[in-house]
Amino acid sequence: MRKINEIFYSIQGEGYYAGTPSVFVRFSGCNLKCPFCDTDHSDGVMMSDDELMSAICRYPARRVVLTGGEPSLWIDGALISRLHSGGYYVAIETNGTHRLPHGIDWVTCSPKEGATVVLDHVDELKVVYTGQDVERYHCGQAAHYFLQPCSGENISETLDYVMAHPWWRISLQLHKLIGVR
């Protein structure tokens, strides 16, 4: 059983796959307490893998995004295998503080201030920019590096940083800009 906050269908709003239709599985709970978190992930319902797959199958997209809260608190290799057996491309959005099971197709790590990232493989690094030193995250392990303004409030500061450090790309929350979930 896994504690699920919600399952919904929308577009990926951030990062490399922005604009891509996806099924989002939002897990409940997180091991960090970020002051800028824009998601209420405290509530949830316990679901079996059969119930989870049944809910995911209601949508036409073949891309599933495991998100939270912190999904690494709830996932394992059995779930990843089950999703792959169902024909799904599996992506995860994680803070990187826990090891992940093998087989995840796309790993987006969004490291948080004061937390230690323990991942060996990251496809995309996405940092919510609040003016902190982000170069410590640029360690060559990710193929794509994104800075995201904090709650859309510091767009020009984030843009200035990206323009001065061109190995970063800006990532706006597209879903919020166009008014979708």
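See above for the structure.
Residues numbered from 1 in each chain as written. Predicted model: local features only at pLDDT ≥ 70, side-chain atom pairs only at ≥ 80, totals over all residues. Heavy atoms only, no water.

**Focus: the layout of surface pockets**
Condition: Lining residues are those with an atom within 4 Å of a point, where the points come from a 1 Å grid over the protein atoms alone and group into cavities, where a 1.4 Å probe fits but cannot get out, or pockets, open sets with protein on both sides within 12 Å along at least five of seven lines. Grid points are joined across faces, edges and corners, and a volume is the space filled by probe spheres set on the points. Ten residues, namely Ala, Val, Leu, Ile, Met, Phe, Trp, Tyr, Cys and Pro, are considered nonpolar, four, namely Asp, Glu, Lys and Arg, are considered charged, and the remaining ones, Gly among them, are considered polar.
Taken as a whole, the second largest pocket encloses approximately 230 Å³ of empty space. Around the second largest pocket, the lining residues are R99, L100, P101, H102, G103, I104, V107, V118, L119, D120 and H121. When grouped by side-chain class, the residues that make up the lining of the second largest pocket number six nonpolar, three polar and two charged.

**A closer look at the pairing of strand β5 (residues 89–94)**
Operational definition: For every residue, the accessible area (1.4 Å probe, protein chains only) is compared with the maximum for its type, and the residue is labelled buried under 20%, exposed over 50%, or partly exposed between those bounds. Comment: elements are numbered from the N terminus, with helices defined as DSSP H or I runs of at least four residues and strands as E runs of at least two. When DSSP finds two or more bridges between a pair of strands, those strands are recorded as paired. Every crossover in which the path from the first strand over the helix to the second runs clockwise, viewed with the strands pointing away from the viewer, is termed right-handed.
Taking burial as the measure, the six residues of β5 include five buried ones, the bulk of the element. Here four bridges tie strand β4 (residues 63–67) to β5, and the two strands are oriented parallel to one another. Each residue of the ladder has a partner; that of R63, found in β5, is Y89. As for the winding sense of the linkage, the β-α-β connection from β4 through helix α2 (residues 77–85) to β5 is right-handed. The pairing of β5 with strand β6 (residues 106–109) spans four bridges and is parallel. Directly across from T94, in β6, lies its bridge partner C109.

**Overview of α2**
The condition that has to hold: For this quantity, the arc is that covered by the directions from the helix axis to the C-beta atoms. Whether two residues touch is decided by their heavy atoms; if any such pair falls within 4.5 Å, the residues are in contact. The term polar contact refers here to a pair of N or O atoms within 3.5 Å; inside protein, the definition further demands a hydrogen-donor-capable atom paired with an acceptor-capable atom, and it admits residues adjacent in sequence only when both atoms are side-chain atoms.
Of all the residues in α2, the buried ones are L79, I80 and L83. Burial along α2 is one-sided: seen end-on, the buried residues are contained in an arc of 100°. Those residues of α2 hidden inside the fold are in contact with β1 (2–11), β2 (21–27), α1 (49–56), β4 and β5. One side-chain oxygen of the residue at the start of α2 lies 3.2 Å from the amide nitrogen of A78, identifying that residue as D76. Residue G87 follows α2 closely and has a positive phi angle near 85°.

**Some thoughts on unusual backbone geometry**
Omega for the peptide link from G68 to G69 comes to 20°, which places this bond in the cis form. If you trace the backbone, G69 turns up in the loop between β4 and α2.

**Things to note about empty space enclosed by the protein**
Taken as a whole and judged by the stated rule, the model has one cavity of 30 Å³ or more. Forming the walls of the largest cavity are Q12, E14, G15, Y17, R63, A91, I92, E93, W106, T108, E124 and K126. Going through the elements one at a time, β5, β6 and β7 (124–129) are the ones with two or more residues in the lining of the largest cavity. Broken down by element, the residue count for the lining of the largest cavity peaks at three residues, all from β5.

**Regarding the side chain of K126**
Looking at where K126 falls in the secondary structure, it is placed in strand β7. Among the residues examined, K126 registers a relative accessible area of 9% and is labelled buried. A distance of 2.5 Å separates the side chain of K126 from the side chain of E14, its partner in a polar contact. Apart from the residues lying within four places of it in its own chain, the contact partners of K126 are E14, T108, C109, S110, P111, F146 and Q148.

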